Amino acid sequence: MSKYSTHCLLPVSALQKQGRQREKEQRAVVHLDSSASLPVRDVSVLPRIVEPSAPKGTTSSSKMRPPTIRSLRKPKQIVLPSQASGFKRRTLSEQLSAISNSMASFSQSLPTSFGKHAASSKGVLLEAPTLSLRVGRLESLCSYPVSFKNDVCEYCFDHPFEKAIDMVMHYRDMEDVHCSQEGAKVTFRFRIPSILRWFLYDYDPGDKKCALEVTFLHENDGERFRDSILPLITRRSSVRQPAGILGK
């Protein structure tokens, strides 16, 4: 054996490692090739998909456009209210006047709709709209007109949990009657020394701070009440009745 042959010899373990490495490379290449459905050389045998040719005079974009369906009816013409015959737009002043008239008619219908006391105006000395109505700690949801007669004060109270209550307050049952004014607001305040049936949790007759209040909407109505009606109530309230439960 020559001196060079000893250097070319490799251990058996090294030869085995080289053989295994070559097998792995060959397997990897086979694995990658087998993942394809067809070899590269066989691609020419695949069938070709022939697209239909577009008719002459059309482009490629028009052949994909869906067909249009034309309606046999003529399109309706939209006519705006301003373009209608005989239409005349009202001015702002005319619109405001119509709104005020409708509000006036609505306010006049309130006593008839919600207050039985307004059905008959016989014996009414003063009838006026109100800004607010209060019984103890509770305030009415709506402000209805109040009417003062010779011996009684009547108005409607819109209770938030019960219903519309017709308030009939006799002058003889009132105490601590007085009238106060803050700016243009005139308020009529009085107390009833009895338990009010519909206001058991809101009005305490033993509490001097609990009272019934009627605030007038207009200052001139409050002044008329203070000059003509308040002296009459003060004289009538001097006659006391036994305390009890009102509103049975």
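Above this note sits the structure.
Notes on the structure in this doc start here. What you see is a predicted model; the values in this text were computed from it and never measured.

## Comments concerning the sheet that holds strand E10 (residues 212–216)
Pairing is antiparallel across the open sheet formed by five strands, whose spatial order is E3-E2-E10-E8-E7. Both outer strands of the open sheet, strand E3 (138–139) and strand E7 (175–182), are each paired with one neighbouring strand and no more. Pairing of strand E8 (residues 185–191) with E10, which is carried by four bridges, proceeds in the antiparallel orientation. In the sheet register, arginine 189 faces E10, and the bridge partner there is glutamate 213. Against the sheet, helix H4 (residues 219–236) contacts E7, E8 and E10, and its axis sits at roughly 160° relative to E7.

## Here's the deal with the pattern of salt bridges
Here the structure, examined in full by the defined rule, presents six salt bridges. Ionic pairing is found between glutamate 175 and arginine 191, a salt bridge with its closest N-O pair at 2.6 Å. Of the two residues, glutamate 175 is situated in strand E7 and arginine 191 in strand E8; the sequence distance between them amounts to 16 residues. The exposure classification of glutamate 175 matches that of arginine 191, with both residues buried.

## Thoughts on the pairing of strand E5 (residues 152–158)
By the criterion of burial, E5 is predominantly enclosed, with seven of the seven residues buried. Across two bridges, strand E4 (residues 146–148) lies against E5 in antiparallel orientation. The partner of serine 147 across the bridge, within E5, is glutamate 154. As paired strands, E5 and strand E6 (residues 164–170) are joined by seven bridges and run antiparallel to one another.

## A closer look at the nonpolar core
Residues Phe148, Tyr155, Phe188, Leu212 and Phe225 are the most contacted members of the largest nonpolar core, which totals 32 residues. Mapped by element, the contributors of at least two residues to this core are strand E1 (126–128), strand E2 (130–135), E4, E5, E6, E8, E10 and H4. The dominant element in this core, judged by the number of residues it contributes, is H4, at five residues. What phenylalanine 225 contacts, discounting residues up to four positions off in sequence, is Leu126, Phe148, Cys179, Phe188, Phe216, Leu230 and Ile233.

## Concerning the packing of aromatic side chains
Taken as a whole, this structure holds seven aromatic pairs when the rule is applied. Ring geometry for phenylalanine 157 versus phenylalanine 199: centroids 5.2 Å apart, planes at 85°, classification edge-to-face. Of the two residues, phenylalanine 157 is situated in strand E5 and phenylalanine 199 in the loop between strand E9 (195–196) and E10; the sequence distance between them amounts to 42 residues. The exposure class assigned to phenylalanine 199 is buried, which follows from its relative accessible area of 2%. Ring geometry for phenylalanine 216 versus phenylalanine 225: centroids 5.3 Å apart, planes at 40°, classification tilted. Given the relative accessible area of 0%, phenylalanine 216 is considered buried. Given a relative accessible area of 0%, phenylalanine 225 falls into the buried group. One aromatic cluster is present, formed by Phe148, Phe188, Phe190, Phe216 and Phe225 through successive ring pairs. A cation over a ring is seen here: arginine 197 above tryptophan 198, with NZ or CZ 4.9 Å from the ring centre.

Parameters at a glance
- Residues numbered from 1 in each chain as written.
- Predicted model: local features only at pLDDT ≥ 70, side-chain atom pairs only at ≥ 80, totals over all residues.
- Heavy atoms only, no water.
- Pairing = 2+ DSSP bridges.
- Helix = DSSP H or I, 4+ residues; strand = E, 2+ residues; numbered from the N terminus.
- Contact = heavy atoms within 4.5 Å.
- Axes fitted to C-alpha atoms, helices over the stretch in contact; angles between N-to-C directions.
- Salt bridge = Lys/Arg side-chain N within 4 Å of Asp/Glu carboxyl O.
- Buried < 20%, exposed > 50% of the residue type's maximum accessible area, 1.4 Å probe, protein only.
- Core = buried A, V, L, I, M, F, W, Y, C linked by side-chain atoms within 4.5 Å.
- Phe/Tyr/Trp six-rings, centres within 6.5 Å; stacked < 30°, edge-to-face > 60°.
- Lys NZ or Arg CZ within 6 Å of the ring centre and 35° of its normal.

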